[in-house]
Amino acid sequence: MANDLRHKVAIVGAAETDILGTQPDMSRLGLHAQAAKNALDDAGLQLSDVDGILTAGASPNEISEYLGIVPRYIDGTSVGGCSFMIHVRHAVAAISAGYCDVALITHGESGRSRVDSGFGGSRQSSNAQFEAPYGTFGAPSTFSIPVMRHFHDYGTTKYQMAHIPAATREWALLNPMAIMQQAGAITPQDVLDSRMICYPFNLFDCCLVADGGGALVLVSEDRAKDFPNNPVYVLGTGESTAHSNVSQMRDFTTSDSTTMSSNEAFRLAGLGPQDIDHLMFYDAFSFTPMMFLEDLGYVKKGEVGPWLEDTKTDADGKTIYKTGPGGELPMNTNGGGLSYCHTGMYGMFALLESVFQLRGTAGERQLDGIHTSIAHGPGGMFAAAGTVIMSNE
Amino acid sequence: MADYEGALPQATHETEPFWEGAKAHKLMLPYCAACDAYDFYPRPFCRKCFSWDIEWKEASGKGKIATYVINHRGPRGFEDKAPYVIAVVELEEGPSMMTNLVMDEEPTPENVSVMADVEVVFTDVTDEVTLPHFRLV
């Protein structure tokens, strides 16, 4: 069936940290970094040669930020002490598939001295030291951080940004599963008039908070037609991470992890942005898909604000939004994280809507004659990114 | 002083010079002489060349607002500070750091701007912890 991967991948760098024992002057991440340095030195490689990060006891977002690497393959499988054996197995698959050329698997643990141990929950983490003390309070106060820079550099306005929740609500009205299906339409002005949460985000700029879930089942192409539904084929995928803390984002007006992830997905699919019929661009907040429309090449960088504002009117005087029903670029047709559902990690729902649209089972919100769909989203505050391009042919 | 309820940082050996510096009202940054480059947040190595020969130098305290938000819903310890500015300041030396703006008036999009010049001020929030904040100049 699949190619035999036996003997196809080799370990060429291997090292411990300088000291094993009692090291209270090394942090958890410091130990990862020292081990990485020693293994890369052993292999005669630089940090810049690494394009895959696999790790446990730290998130790939943390390692990416700490070492300054923007990888094209990431693996944070963390199931206990054997995680590293599993990372080797995953690295074999990734390198064999061409997803990665140089995989760096790191371990670092302050098991005795407990320096920054309790990742994310410890007061010694990078977030606890360098963000939390300044009064951050969840996603609305951190996902909002890049926005004012885009406003400043490109003249984007809150009113333009408000077109995203307005357009997305139009789709929710057509989706019986959407939490806001009965809540009626909203205008961009309604968004501006809603309660201020964390400027520049008003309430309607923020996603819902809900309970729920979703699941996918995948098999190989040669079995796909044996199943009850029209198969949805995966044409190309991408992944990346560029930081962990939003304040460490290299450029607030562009997402490096998105660029890496989406370029990879288009390349593997052999397609360009113009070949995709349907967009699912994760909308944790109104600004989020605006970043993606630019970074994935649908709108020139800096121009998404005026582009969104350029609406049309139909014969009955109803506004047709660029990304809404009847618009030129249908996006987030389930009603999005903004009006359909957002549990905290919304990506699954973006994928599900791609599948339902490609199968032709999206009911009233069904797009006609579509063949390809893309589901793209961030992890954390533009920290990581993942992209999947699918087709029904 | 009244009991401070905001989240407090806890230093590790590698970040201690930063926090001890703040307590002494100095903005200390890690520096790699080989690259002539400062970095933030502190790490025991240089992200450019992976040298582990890092020095600490005092920064000018000057910078510009790279981006910001005005938070109206604060966490514990920040409830009565709202609305307050969470900003990312790009320091003169290159690196960027998150901080709060100390202002005499309530922050609005009209009186806070991206690219505004700022300088560091130090707030002693407890006997042990001082936070580097910034003010508009």
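Being a predicted model, the structure only gives us computed values, none of them experimental.

About the cut-offs
- Residues numbered from 1 in each chain as written.
- Chains lettered and ligands numbered in written order.
- Predicted model: local features only at pLDDT ≥ 70, side-chain atom pairs only at ≥ 80, totals over all residues.
- Helix = DSSP H or I, 4+ residues; strand = E, 2+ residues; numbered from the N terminus.
- Rg over C-alpha atoms; globule rule 2.2 N^0.38 Å.
- Buried ≥ 20, exposed ≤ 12 C-beta atoms within 10 Å, placed from the backbone.
- Contact = placed C-beta atoms within 7 Å.
- Nonpolar A, V, L, I, M, F, W, Y, C, P; charged D, E, K, R; others polar.
- Pairing = 2+ DSSP bridges.
- Axes fitted to C-alpha atoms, helices over the stretch in contact; angles between N-to-C directions.
- Parallel < 35°, antiparallel > 145°, perpendicular 65-115°, else oblique.
- Left-handed = near helix turned anticlockwise from the far one by under 90°.
- Core = buried A, V, L, I, M, F, W, Y, C linked by C-beta atoms within 7 Å.
- Domains from an automatic or database assignment.
- Arc of directions from axis to C-beta.

A few points about the overall build of chain B
Logical step 1: The helix and strand inventory of chain B stands at 1 helix and 8 strands.
Logical step 2: Scanning chain B from its N terminus toward the C terminus, one meets helices and strands in the order α-β-β-β-β-β-β-β-β.
Logical step 3: A compact globule built from 137 residues should have a C-alpha radius of gyration of about 14 Å, and chain B, at 16 Å, falls within 12% of that.
Logical step 4: Relative to its 137 residues, chain B shows a buried fraction of 37%.
Logical step 5: In chain B, 49% of the contacts between residues at least 6 apart in sequence involve partners at least 24 apart.

Examining the environment of Ala210(A)
All names here are of chain A.
Logical step 1: With respect to the helices and strands, the residue Ala210 is situated in the loop between β5 (201–202) and α10 (221–224).
Logical step 2: Exposure remark for Ala210: the 13 C-beta atoms within 10 Å place this residue in the partly exposed category.
Logical step 3: Expressed as a C-alpha distance, the spacing of Ala210 and Pro228, which sit 18 residues apart in the sequence, is 30 Å.

Considerations on unusual backbone geometry
Residues and elements named next belong to chain B.
Logical step 1: Cis peptide bonds are those with omega within 30 degrees of zero, and the linkage from Phe40 to Tyr41 qualifies with 5°.
Logical step 2: Counting through the fold element by element, Tyr41 comes out in the loop between β2 (37–38) and β3 (55–58).
Logical step 3: Here the bond from Ala82 into Pro83 is cis, since omega is -5°, no more than 30 degrees from zero.
Logical step 4: With respect to the secondary-structure elements, Pro83 resides in the loop between β4 (62–71) and β5 (84–91).

Structural notes on the interface of chain B and chain A
Logical step 1: If you look at the interface, chain B gives 39 residues, while chain A gives 38 residues.
Logical step 2: Broken down by secondary-structure element, the contributors of at least two residues to the side of chain B that touches chain A are β4, β5 and β6 (96–100) of chain B.
Logical step 3: The residue makeup of the side of chain B that touches chain A, split by class, is 22 nonpolar, 12 polar and 5 charged.
Logical step 4: Alignment of strand β4 (residues 196–199) of chain A against β4(B), held across 2 bridges, turns out to be antiparallel. Counterpart to Cys198(A) in the pairing with β4(B) is Asn71(B).

Section: the packing of helix α11 (residues 256–269) of chain A against helix α12 (residues 287–295) of chain A
Residue and element names in this part refer to chain A.
Logical step 1: In the contact formed by α11 and α12, the axes pass within 10 Å of each other and the chain directions differ by 50°. For the element pair α11 / α12, the angle class is oblique. For the element pair α11 and α12, the recorded crossing hand is right-handed. Residues Thr258, Thr259 and Ser262 of α11 form the contact with α12, whose own contacting residues are Met291, Phe292 and Asp295.
Logical step 2: Across the contact of α11 with α12, the residue classes break down as 2 nonpolar, 3 polar and 1 charged.

Here we look at the nonpolar core
Logical step 1: Residues Ala103(A), Leu293(A), Ile389(A), Val69(B), Ala87(B) and Val89(B) are the most contacted members of the largest nonpolar core, which totals 124 residues.
Logical step 2: Element by element, the count of residues in this core is highest for β5(B), at 7 residues.
Logical step 3: Mapped onto the domain boundaries, this core takes at least three residues apiece from domain 1 (28–130) and domain 2 (147–391) of chain A.
Logical step 4: Beyond its immediate chain neighbours, meaning those up to four positions away, Ile389(A) contacts Leu235(A), Gly236(A), Ala265(A), Ala269(A), Leu271(A), Ile276(A), Thr372(A) and Ile374(A).

Observations concerning the domain arrangement of chain A
When the parts come together, some accessible area is lost, and that loss is often what is quoted as the size of the interface.
Residues and elements named next belong to chain A.
Logical step 1: Once the domains are mapped, chain A shows domain 1 (28–130) and domain 2 (147–391).
Logical step 2: For domain 1 and domain 2, the distance between their C-alpha centres works out to 30 Å.
Logical step 3: Between domain 1 and domain 2, the contact holds 14 residues from the first and 16 residues from the second.
Logical step 4: Only α2 (60–67), β2 (73–75) and α4 (126–130) provide two or more residues apiece to the side of domain 1 that touches domain 2.
Logical step 5: The element contributing the most residues to the side of domain 1 that touches domain 2 is α2, with 5 residues.

Focus on helix α1 (residues 16–23) of chain B
Residues and elements named next belong to chain B.
Logical step 1: Considered for burial, the residues of α1 that qualify are Phe18, Trp19 and Ala22. Taken down its axis, α1 places every buried residue within 90° of arc, on the same side.
Logical step 2: Downstream of α1 by one or two residues, His25 has phi in the positive range, about 60°.

Looking at the packing of helix α1 (residues 28–43) of chain A against α2(A)
Residue and element names in this part refer to chain A.
Logical step 1: Packing of α1 against α2 leaves a shortest axis separation of 11 Å and a crossing angle of 65°. By the angle between their axes, α1 is roughly perpendicular relative to α2. For the pair α1 and α2, the crossing hand works out as right-handed. For the pair α1 and α2, contact is made by Leu29, His32, Ala33 and Ala36 and by Glu62, Ile63, Tyr66 and Leu67, respectively.
Logical step 2: Residues that form the contact of α1 with α2 fall into these classes: 6 nonpolar, 1 polar and 1 charged.

Some points on the sheet that holds β2(A)
All names here are of chain A.
Logical step 1: One open sheet accounts for 3 strands, arranged β2-β1-β3; its pairing is parallel. Strands with a single pairing partner mark the edges of an open sheet, and in this sheet they are β2 and β3 (103–106). The average undirected angle you get between the axes of adjacent strands in this sheet is 10°.
Logical step 2: Bridge count for strand β1 (residues 52–55) against β2 is 3 bridges, and the pairing is parallel. Bridge pairing in β2 places Gly52 opposite Tyr73.
Logical step 3: On top of the sheet, α2 reaches β1, β2 and β3; it is set at about 125° to β1, its chief contact.
Logical step 4: In the packing of helix α3 (residues 83–97) onto the sheet, the strands contacted are β1, β2 and β3, and the crossing angle to β3 comes to about 170°.

Looking at the pairing of strand β8 (residues 130–136) of chain B
All names here are of chain B.
Logical step 1: One ladder, built from 7 bridges, connects strand β7 (residues 117–124) with β8; its direction is antiparallel. Across the sheet, the residue bridging to Thr123 is Leu131, located in β8.
Logical step 2: What sits between β7 and β8 in their antiparallel hairpin is a turn of 5 residues.

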